[in-house]
Amino acid sequence: MTKIIAKPHLFFFGLTLSFIILGIINSTESIDFNIGDSYYVFTINFWFYLSAIYFTLIGFNYFSIIWAEKQPKKWLTIFHILLQLLSLFLLITKHNWNWIGKQYPKELTLINDNSQVIIAISIVLFFLSIFIHLINFFVTLFLKKN
């Protein structure tokens with residue numbers, strides 16, 4: 001973990017490579033969104049490539065901090081990476097959370113019926129991790145060097 005904190009740009013460039021490979025492997029699968037009476041169909045590789053671009057930009061942000069000879073704030077970097085990984089974990093395992101409501105089916109029918117709550121939590125965590133990253137990036141760049 002200390003190597004990831006010292007060089008977070010390498011971690012995000014590794015995620016970029018992983019998502020490009022996943023996009024190539026899953027090029028035939030699709031995702032359907034139903035909003036009202038409209039159905040939107042996207043191939044899943046589009047989202048993998050979009051995520052690869054996002055992780056590349058995050059990696060460049062961390063690389064530019066190190067290139068400016070400043071160190072990102074340790075706790076903000078840890079918090080950003082953990083939120084990002086938790087968001088990805090929830091998104092990947094969205095259909096495996098039905099065991100939560102098996103003990104109390106009446107109280108947690110929303111989780112039993114579908115995984116939209118898990119996806120919503122994942123999206124909120126994702127946006128929170130973006131916010132933490134931006135705070136980390138700008139605080140590190142604008143504070144004076146020690």
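Please refer to the structure placed before this passage.
For the structure given in this document, a descriptive report is provided here. (Residues numbered from 1 in each chain as written. Predicted model: local features only at pLDDT ≥ 70, side-chain atom pairs only at ≥ 80, totals over all residues. Heavy atoms only, no water.)

**Comments concerning the overall build of the chain**
Reasoning step 1: Scanning the chain from terminus to terminus reveals 6 helices and 2 strands.
Reasoning step 2: Beginning at the N terminus, the succession of helices and strands in the chain can be written as α-α-β-β-α-α-α-α.
Reasoning step 3: Taken over 146 residues, the chain has a buried fraction of 31%.
Reasoning step 4: Of the contacts made within the chain by residues no fewer than 6 positions apart, 69% connect residues no fewer than 24 positions apart.
Reasoning step 5: With an accessible surface of roughly 10100 Å², the chain has 70% of that area assigned to carbon and sulfur atoms. (Helix = DSSP H or I, 4+ residues; strand = E, 2+ residues; numbered from the N terminus. Buried < 20%, exposed > 50% of the residue type's maximum accessible area, 1.4 Å probe, protein only. Contact = heavy atoms within 4.5 Å. Areas by Shrake-Rupley, 256 points an atom, 1.4 Å probe, with all protein chains shown as cover.)

**As for the packing of helix H2 (residues 8-25) against helix H3 (residues 44-67)**
Reasoning step 1: Relative orientation of the contacting elements H2 and H3 amounts to 165°, with a least axis distance of 8 Å. The orientation of H2 with respect to H3, classified from their angle, is roughly antiparallel. The two elements H2 and H3 cross, and the hand of that crossing is left-handed. (Axes fitted to C-alpha atoms, helices over the stretch in contact; angles between N-to-C directions. Parallel < 35°, antiparallel > 145°, perpendicular 65-115°, else oblique. Left-handed = near helix turned anticlockwise from the far one by under 90°.)

**Some points on the packing of aromatic side chains**
Reasoning step 1: Evaluation of the coordinates by the stated rule reveals 12 aromatic pairs.
Reasoning step 2: Both rings, one in Phe-11 and one in Phe-12, keep their centres 5.2 Å apart while their planes meet at 80°; by these two values the pair is edge-to-face. The pair formed by Phe-11 and Phe-12 is uniform in burial state, with each residue classed as buried.
Reasoning step 3: Grouping aromatic residues by their ring pairs yields a cluster made of Phe-11, Phe-12, Phe-19, Phe-48, Tyr-54, Phe-55, Tyr-62, Phe-126 and Phe-127. (Phe/Tyr/Trp six-rings, centres within 6.5 Å; stacked < 30°, edge-to-face > 60°.)

**Some thoughts on a nonpolar patch on the surface**
Reasoning step 1: A cluster of nonpolar side chains, namely Ile-53, Leu-57, Phe-60, Phe-63 and Trp-67, defines an oily patch on the protein surface of about 610 Å² accessible area.
Reasoning step 2: Topologically, Trp-67 is positioned in helix H3. (Patch = residues over 30% accessible without salt bridge, like charges linked within 9 Å, V, L, I, M, F, W, Y side chains within 5 Å. Salt bridge = Lys/Arg side-chain N within 4 Å of Asp/Glu carboxyl O.)

**Observations concerning the side chain of Thr-16**
Reasoning step 1: Looking at the secondary structure, you find Thr-16 in helix H2.
Reasoning step 2: Residue class for Thr-16 comes out buried when judged on its relative accessible area of 10%.
Reasoning step 3: Here Ala-52 takes part through its backbone oxygen, which lies 3.5 Å from a polar atom of the side chain of Thr-16.
Reasoning step 4: With near-sequence residues (within four places) excluded, Thr-16 lies in contact with Ala-52, Phe-55 and Thr-56. (Polar contact = N/O pair within 3.5 Å; in protein donor to acceptor, adjacent residues only side chain to side chain.)

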